Amino acid sequence: MSTTSSADGTTIGYEAVGSGPTLLLVDGATASRAGGSASRLADALSGDVTAVAYDRRGRGESTDTLPFAVEREIEDIDALIAAVGAPAYAFGMSSGAMLLLRAAAALGPERIAGIVLYEPPLMPEGARDGARQYTADLAAALAEGRRGDAVALFLARVGMPPAAIDGMRGSPAWAGLEAIAPTLAYDDAAMGDSAVPSEVVAEVRIPVLTLAGGASAGFMQYGARELAAAIPGAVFEVAEGQTHDVAPDVAAAHITRFLHSV
């Protein structure tokens, strides 16, 4: 593992594997580099690119510095690109896709040359009341130090049944989830109001591929379809047979084709 320092002094842990164009992997909520989806995807891509998996701030081998703002995570991405070489391509998963979209808009094509976004969890207006309530409930739980409740809110938000959440509370993994519970607010901040962020989209001037799983529910495909429609020149593709938990080899195939096309 290697480390770099972000603008506010936060240490960001990362690992680069393979050779070829640099591709930064931006994970979603609760995920960390060690054993996570980004590291598995990095292995699947290593024959075609230099894949860079990293721990987002507050997780794994990365430290954290308060107060938080989305801009701090964009600075983390900028520091990683400076460490591994610019410009870089990047892949974002779930809420990590929305962080990556914001980073691409803020940093420009000199830093990020193209992006692939997998199932960014945006929502139509009629479904956003639940997102607003989640934001309020999550903020209250974290402010009151109820980290376990914050984790439970997130798991319920992504569809885990109450009985399964109760079962997880007694599992060895629960303490680790509580430890990174504050970072749930970081992903929520990257999501904004869960609408297509028109002011961000207007600043994206690089090749963009959005992906959704063919076996995912329609509401999970919504964000990828809407972003592709909103970003000039963006392409939407379906990863056939996949759900939100996309298989690394399938994601790698779409990413590799995208890189060869730009």
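Residues numbered from 1 in each chain as written. Predicted model: local features only at pLDDT ≥ 70, side-chain atom pairs only at ≥ 80, totals over all residues. Heavy atoms only, no water.

A. Structural detail: the overall build of the chain. From N to C terminus, the chain includes eleven helices and eight strands. Taken over the C-alpha trace, the chain has a radius of gyration of 17 Å; the compact-globule value for 262 residues is 18 Å, and the two agree within 12%. Within the chain, residue pairs in contact and separated by at least 24 positions form 75% of the contacts whose partners lie at least 6 positions apart. On the chain, roughly 10,800 Å² of surface is accessible, and the fraction owed to carbon and sulfur atoms is 54%. Across the chain, the centroid of the 17 positively charged side chains sits 2 Å from that of the 32 negatively charged ones. (Helix = DSSP H or I, 4+ residues; strand = E, 2+ residues; numbered from the N terminus. Rg over C-alpha atoms; globule rule 2.2 N^0.38 Å. Contact = heavy atoms within 4.5 Å. Areas by Shrake-Rupley, 256 points an atom, 1.4 Å probe, with all protein chains shown as cover. Lys, Arg positive; Asp, Glu negative; His and termini not counted. Charge placed at Lys NZ, Arg CZ, Asp CG, Glu CD.)

B. Representation of the sheet that holds strand β7 (residues 208-213). With respect to topology, eight strands assemble into an open sheet ordered β1-β2-β4-β3-β5-β6-β7-β8, the strand pairing being mixed. Strands at the two margins of the open sheet, each flanked by one partner only, are β1 (2-5) and β8 (235-239). The sheet shows a mean angle of 25 degrees between the axes of neighbouring strands, direction not considered. For strand β3 (residues 22-26) and strand β4 (residues 50-54), the ladder comprises four bridges, and the chain directions are parallel. When the bridges of β4 are listed, L24 appears paired with V52. Packing against the sheet, helix α3 (residues 95-107) makes contact with β3, β4, β5 (88-93) and β6 (112-118), and its axis sits at approximately 160 degrees to β6. The strands touched by helix α11 (residues 248-261) are β3, β5, β6, β7 and β8; relative to β8, the strand with the most contacts, the crossing angle is about 155 degrees. (Pairing = 2+ DSSP bridges. Axes fitted to C-alpha atoms, helices over the stretch in contact; angles between N-to-C directions.)

C. Representation of the environment of G13. Position of G13 among the secondary structure elements: in strand β2 (residues 11-18). Taking the C-alpha atoms as reference points, G13 and R33, separated by 20 residues in sequence, lie 8.6 Å from one another. Excluding residues that lie within four positions of it along the chain, G13 makes contacts with M1, S2, T3, R33, Y54, D55, E61 and S62.

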